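# A closer look at the structure
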Amino acid sequence: MQQKIQQLKSFLWYWLKAEDKHSLHPPFVFSLYTSVFQNRDQPECFKAIKKAQKEFQQSKEEIKVTDFGAGSTVAKSGTRKLAQIATNGITRAKYSQLLYKICRFINAQQVVELGTSIGINTLYLSYACANGTVTTFEGATALAQRAQKLFNEHKADNIKIVTGNIDNTLEPNLPDKVDLAFFDANHKTAPTLQYFHTVLDHAHEDSCFVFDDIHWSAEMETAWEEIKHHPDVSLSMDVFQFGLIFFKKGIKKQHYILQF
């Protein structure tokens with residue numbers, strides 16, 4: 001209950017503070033907002049991914065999940081139904097599609113995802129960087145296996161899935177350069193910051209990091225505050241579900257709360 005109250009307070013704060021394009025003056029920020037956040041295009045691949053998610057939602061399959069993170073607010077046992085994960089345990093479609101559009105906008109070729117789950121977001125990223133590579137990390141073996149089956153069905157050959165505790169698997173399996181990183185694994189302050197600093201060593205001026213559930217808990221809000229104030233971060237955007245950071249050189253440090 002306390003977490004739900006905190007989330008409601010955070011949303012009200014966000015709703016009161018959020019700006020639209022008329023408040024955005026830097027050219028990069030304006031271009032990103034109008035080309036990505038206001039982009040209503042629905043590429044053909046979205047239909048295929050929505051169909052896959054619907055099939056998961058109708059599935060009777062159950063899998064055993066070892067959770068290394070903050071846990072689920074819906075499923076409390078180690079055995080979870082795929083239908084429950086696909087309905088309540090993954091990113092809303094409009095945010096998954098936002099990931100796709102960000103990836104395309106920055107022309108990301110080396111993409112990293114922390115927290116594969118059943119692989120829906122991974123598919124969006126795979127389609128977005130068809131000529132690049134998505135390296136995705138998942139702690140739960142059963143989830144990784146189910147996601148790999150999905151990738152095989154979609155012939156998503158540009159996805160490399162790394163299974164095991166991300167605390168141990170992340171650093172040795174990162175590509176030399178990371179263009180886009182999506183953080184959706186352990187929703188606690190210390191691990192989130194640890195993963196951020198590890199991936200940061202592989203970032204460059206044109207990289208974008210996206211953090212999921214930045215207002216999910218007080219711990220995630222604490223992590224987000226520290227991340228957006230890191231000296232290497234020149235630009236941050238809060239769209240409530242996601243927090244985005246950029247490392248552009250030569251621009252004044254700015255923090256935006258944007259309508260989406």
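Higher on the page you've got the structure.
Residues numbered from 1 in each chain as written. Predicted model: local features only at pLDDT ≥ 70, side-chain atom pairs only at ≥ 80, totals over all residues. Heavy atoms only, no water.

## Quick look at helix H3 (residues 44-57)
Quick reminder of the rule: Strands here are runs of E lasting at least two residues and helices are runs of H or I lasting at least four, both read from the DSSP assignment and numbered beginning at the N terminus. By definition here, a helix of n residues has an expected span of 1.5 Å times n minus one. Classification of residues uses two cut-offs on accessible area relative to the type maximum, computed with a 1.4 Å probe and protein chains only: under 20% is buried, over 50% is exposed, and between them is partly exposed. It is the directions from the helix axis to the C-beta atoms whose arc is reported.
Relative to the 20 Å expected for 14 residues at 1.5 Å per residue, H3 spans 21 Å between its end C-alpha atoms, a close match to the ideal helical length. The set of residues buried in H3 consists of Cys45, Phe46, Ile49, Ala52, Gln53 and Phe56. Along the axis of H3, the buried residues cluster in a sector spanning 125°; they form a single face. What points out from H3, more than 90 degrees from its buried face, is the exposed set Glu44, Lys47, Lys51 and Lys54.

## Quick word on the packing of H3 against helix H6 (residues 120-128)
Where we set the bar: Orientation is described by axes fitted as lines to C-alpha atoms, over the contacting stretch for helices, and by angles from 0 to 180 degrees between their N-to-C directions. Oblique is the label for any angle not under 35 degrees, not over 145, and not in the 65 to 115 range, which are roughly parallel, roughly antiparallel and roughly perpendicular in turn. Note on convention: near helix rotated counterclockwise from far helix by under a right angle means a left-handed crossing. Clockwise means right-handed. By definition in these notes, contact holds between two residues if any of their heavy atoms fall within 4.5 Å. In this count, Pro and Cys sit with the nonpolar residues alongside Ala, Val, Leu, Ile, Met, Phe, Trp and Tyr, while Asp, Glu, Lys and Arg are called charged and the others, Gly among them, polar.
Contact pair H3 / H6: the axes reach a minimum separation of 10 Å and the direction vectors enclose 165°. Taken together, the axis directions place H3 and H6 in an arrangement best described as roughly antiparallel. In this structure, H3 crosses over H6, and the sense of that crossing is right-handed. Contact residues: H3 offers Cys45, Phe46, Ile49, Lys50, Gln53 and Phe56, while H6 offers Ile120, Leu123, Tyr124 and Tyr127. Per-class residue counts for the contact of H3 with H6 are eight nonpolar, one polar and one charged.

## A look at the pattern of salt bridges
Defined as follows: Here a salt bridge means any side-chain nitrogen of Lys or Arg lying within 4 Å of a carboxyl oxygen belonging to Asp or Glu.
Per the stated rule, a full pass over the model turns up five salt bridges. In this structure, Glu61 engages Arg146 in a salt bridge whose closest nitrogen and oxygen atoms are separated by 3.3 Å. Placement of the pair is Glu61 in the loop between H3 and strand E1 (62-64) and Arg146 in helix H7 (residues 141-153), with a sequence separation of 85 residues. Judged by relative accessible area, which is 32%, Glu61 ranks as partly exposed. Overall, the relative accessible area of 14% leaves Arg146 in the buried class. Where Lys248 meets Asp206, a salt bridge forms, and the shortest distance between an N and an O atom there is 2.9 Å. With Lys248 in the loop between strand E9 (242-246) and strand E10 (254-257) and Asp206 in the loop between helix H9 (189-200) and strand E7 (208-212), this residue pair connects regions lying 42 residues apart in the sequence. Residue Asp206 is classed as partly exposed on the basis of its relative accessible area, which comes to 42%.

## A short note on helix H2 (residues 27-37)
Of all the positions in H2, only Val29, Leu32, Tyr33, Val36 and Phe37 are classed as buried. Looking straight down H2, one finds its buried side chains confined to an arc of 100°; they lie on one side. Contacts made by the buried residues of H2 are with helix H5 (93-105), strand E8 (235-238), E9 and E10.

## Re the side chain of Gln97
Its location among the elements puts Gln97 in helix H5. Take Gln97: its relative accessible area is 7%, and that puts it in the buried class. Those residues in contact with Gln97 that lie beyond four places of it in its chain are Gln42, Phe46, Lys50 and Tyr124.

## Remarks on the packing of aromatic side chains
Aromatic rings in a pair are described by how distant their centres are and how their planes are angled relative to each other. The condition that has to hold: Pairing of aromatic rings covers Phe, Tyr and Trp, the last counted by its six-membered ring, and requires centre-to-centre distances within 6.5 Å; plane angles under 30 degrees mean stacked, over 60 mean edge-to-face, and any other angle means tilted. Over a ring means this: the NZ of a Lys or the CZ of an Arg is within 6 Å of the ring centre and within 35 degrees of the ring normal.
Counting across every chain of the model gives 15 aromatic pairs. Relative to Tyr124, the ring of Phe46 has its centre 5.3 Å away and its plane inclined at 70°; by these criteria the two rings are edge-to-face. With Phe46 in helix H3 and Tyr124 in helix H6, the pair connects residues that are 78 residues apart, well separated along the chain. Classification of Phe46 by relative accessible area gives buried; the value is 1%. For Tyr124, a relative accessible area of 1% gives the class buried. In this structure an aromatic cluster arises from ring pairing among Tyr33, Phe37, Tyr95, Phe182, Phe242 and Phe260. Stacked on the ring of Phe260, the Lys or Arg Lys94 has its end atom at 4.5 Å from the ring centre.

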